[in-house]
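Results of the structural survey
Listed below are the residues making up each chain.
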Protein chains: 2
Amino acid sequence: MTETVTKAQTGTLYGIGVGPGDPSLLTLKAAGLLGRIAIIAYPAPEQGDSLARSIAAPHLGAVAEEIPLRMRFDPAQRADAAYDAGAAAIALHLQAGRDVAVLCEGDPFFYGSFIYLFARLAPRFAVEVVPGVSSLTAAAAVAGHPLTTRDDALVVIPAPRPEADIERLLAGAEAAAIIKLGRHLPKVRRVLERLGLAGQAICIERAGQPGQRVCRMDAVDDQGTPYFAIILVHKRGQAWS
Amino acid sequence: MTETVTKAQTGTLYGIGVGPGDPSLLTLKAAGLLGRIAIIAYPAPEQGDSLARSIAAPHLGAVAEEIPLRMRFDPAQRADAAYDAGAAAIALHLQAGRDVAVLCEGDPFFYGSFIYLFARLAPRFAVEVVPGVSSLTAAAAVAGHPLTTRDDALVVIPAPRPEADIERLLAGAEAAAIIKLGRHLPKVRRVLERLGLAGQAICIERAGQPGQRVCRMDAVDDQGTPYFAIILVHKRGQAWS
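Note that the structure is predicted; figures quoted are calculated from it, not measured.

For the rest of this paragraph, the subject is the environment of E66 of chain B. All names here are of chain B. Here E66 lies in strand β3 (residues 65-71). C-alpha of E66 to C-alpha of R53: the two residues are 13 residues apart in sequence and 9.9 Å apart in space. Dropping the residues within four chain positions of it, E66 is found in contact with I40, Y42 and R53. Within polar-contact distance, the side chain of E66 engages the side chain of Y42 at 2.5 Å. Only 2.8 Å separates the side chain of E66 from the side chain of R53, close enough to count as a polar contact.

Here it is in structure tokens:
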């Protein structure tokens, strides 16, 4: 680490939200930055392609180096090692005065893995976060399901939470989005049924991505629901009621 | 109403999120649509300029007609009359086969007045909602305050809610955004202090707009906080902890 290098001489780390899937849902700012920044980093599965990179692909300029941050989906292993390695690789470029763009599905600060790079690099380097369209509002748009009006409270609940947590959180607000659904669908369905909300809940799979699907809860199969599925529900049925 | 006209012959209503304020935070899709749709509508105060229109201005093409939806900020009067009149004016264009773009600050379905036009027009006309960057994630980006990681629950709480509601909702989730702050700041501050969260709350005024300001709760004046201010708070202090 070269502590004598000041922030003014170093590159800037850009956390760039690339939106939920449709490349036309990038912001003008994101597209402009991707056209000029030659070092890109992005989360990727242990093997295979990165969703964030595929969304950004039409807007990339002349890329000099790619830093895939390969995550293992192993709950027993903390991701710290991958973030440490990724942050170190990115820091080398920033120290040499080169900007780095980290591609983030949706918005960088809304359940984004960029947050762990931000925690490691923001103390030492200039960082700019470019907000993006989140899967939350993209799913609402696709489903024709307004999220909230007036003084509604909205709660976003990750489906891996314990059943009692989900029930408590759902019961307390007028509107809810249940995210990271995957294999947790049967549990979520039980809670919605107990609260009398199953009839008005909508499930959106892969909003704005290939294979997008919108259906009512009673038409959703308990098996095979993708991780990137969201359930939206409003207690009044429709937010405008 | 010409009931013999089918949806195929009528125009499409576009609800277009123009983002939180910075015109470069429009999506490519929004900018493209605004460049070609000649009839635009937008919420506006009873007198003066529309924020949504000013954000969209650099991207507007040849506009043939503008339909300002002027809202009275009178809590005693329901806005139904303004929405009825706006929907009727928009319907005339749609029936004649002309597309209409409604400009929406942030995202159309996240506390947006577009929802009331959608309720009136979606049963009769083709509608496409173009999601936008919300003030929620824009404020987080500006403040360098990640909203949520892993299985955090996030609750969005409008500050006009009763003090007991705000306390209950805040107590139940790991992360919170308190919106529509304005004159409700003293009440919100009391709740944050009772929950021991005032020291880690951040207030963002006019995220991405002229006059943007980020400060800690203890530096915020109880007087003069704008309506478009947001408080962000995470119970762990930082979302990545």
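Having seen the structure, we can now continue with the description.
So, on to the sheet that holds strand β4 (residues 100-104) of chain B. Residues and elements named next belong to chain B. Here we have 5 strands laid out as an open sheet, ordered β3-β2-β4-β1-β5, and parallel in their pairing. For this open sheet the edge positions go to β3 and β5 (126-130), each flanked by a neighbour on one side alone. Within the sheet, the average angular offset between the axes of one strand and its neighbour, ignoring direction, is 20°. One ladder, built from 7 bridges, connects strand β2 (residues 39-45) with β3; its direction is parallel. Of the residues in β3, the one forming a bridge with I39 is E65. Strand contacts of helix α1 (residues 28-36): β1 (12-17), β4 and β5, with the helix running at about 135° to β1, the strand carrying the most contacts.

This part is about the relation of the copies chain A and chain B. Least-squares fitting of chain A to chain B yields an RMSD of 0.0 Å, with the superposition described by an axial translation of 0.0 Å and a rotation of 180°. Viewed as a symmetry operation, the transformation between the two copies matches a two-fold axis. The overlap is high: 100% of the interface residues of chain A also sit at the interface in chain B, so the same surface is used on both sides.

Our next topic: unusual backbone geometry. Residues and elements named next belong to chain A. A positive phi is found at Y111, a non-glycine position, where the angle reads about 60°. With respect to the helices, strands and loops of the structure, Y111 is situated in the loop between β4 (100-104) and α4 (114-121). On the basis of relative accessible area, Y111 is assigned to the buried category, the value being 16%. Of note in the backbone geometry, R150 takes a positive phi value of approximately 45° without being a glycine. Counting through the fold element by element, R150 comes out in the loop between α5 (135-143) and β6 (154-158). Taking relative accessible area as the criterion, R150 reaches 41% and is therefore assigned partly exposed.

Residues and elements named next belong to chain A. Here the domain parsing of chain A yields domain 1 (12-133) and domain 2 (136-234). Measuring from the centre of the C-alpha atoms in domain 1 to the corresponding centre in domain 2 gives 27 Å. Facing the 8 residues of domain 1 at the interface are 11 residues of domain 2. In total, about 680 Å² of surface goes out of reach between domain 1 and domain 2, with carbon and sulfur atoms giving 69% of it. Looking at the side of domain 1 facing domain 2, the largest losses of area belong to P20, F110 and Y111, adding up to 59% of the total buried there. Our count for the contact surface shared by domain 1 and domain 2 stands at 0 salt bridges. Counting across the domain 1 and domain 2 interface gives 2 residue pairs in polar contact (both at pLDDT 80 or more). Classifying every residue of the side of domain 1 that touches domain 2 by side-chain character gives 5 nonpolar, 1 polar and 2 charged.

Tallied over the full model, the rule gives 0 disulfides over all chains. The structure places no disulfide on C215 of chain A, whose sulfur is separated from the nearest cysteine sulfur, that of C203 of chain A, by 5.2 Å.

The full count for this structure, using the stated rule, is 14 aromatic pairs over all chains. Connected via pairs of aromatic rings, a cluster forms that spans F109, F114 and F118 of chain A together with W240 of chain B.

Turning our eyes to something else, we now look at the pairing of strand β10 (residues 229-234) of chain B. All names here are of chain B. Of all the 6 residues making up β10, 6 are buried; the element is thus mostly covered by neighbouring parts of the structure. Going residue by residue along β10, you find A229, I231 and V233 tucked away on one face and I230, L232 and H234 tucked away on the opposite face as well. Looking at chain direction, strand β7 (residues 175-179) and β10 are connected through 4 bridges and run antiparallel. Bridge pairing in β10 links A176 to V233. Across 4 bridges, the pairing between strand β8 (residues 202-205) and β10 is antiparallel. Within the sheet, the bridge partner assigned to C203 lies in β10 and is I231.

Rules and cut-offs
- Residues numbered from 1 in each chain as written.
- Chains lettered and ligands numbered in written order.
- Predicted model: local features only at pLDDT ≥ 70, side-chain atom pairs only at ≥ 80, totals over all residues.
- Heavy atoms only, no water.
- Helix = DSSP H or I, 4+ residues; strand = E, 2+ residues; numbered from the N terminus.
- Contact = heavy atoms within 4.5 Å.
- Polar contact = N/O pair within 3.5 Å; in protein donor to acceptor, adjacent residues only side chain to side chain.
- Pairing = 2+ DSSP bridges.
- Axes fitted to C-alpha atoms, helices over the stretch in contact; angles between N-to-C directions.
- Least-squares fit on C-alpha atoms with pLDDT ≥ 70 in both.
- Buried < 20%, exposed > 50% of the residue type's maximum accessible area, 1.4 Å probe, protein only.
- Domains from an automatic or database assignment.
- Buried area = accessible area lost by both parts, 1.4 Å probe.
- Salt bridge = Lys/Arg side-chain N within 4 Å of Asp/Glu carboxyl O.
- Nonpolar A, V, L, I, M, F, W, Y, C, P; charged D, E, K, R; others polar.
- Disulfide = S-S within 2.5 Å.
- Phe/Tyr/Trp six-rings, centres within 6.5 Å; stacked < 30°, edge-to-face > 60°.

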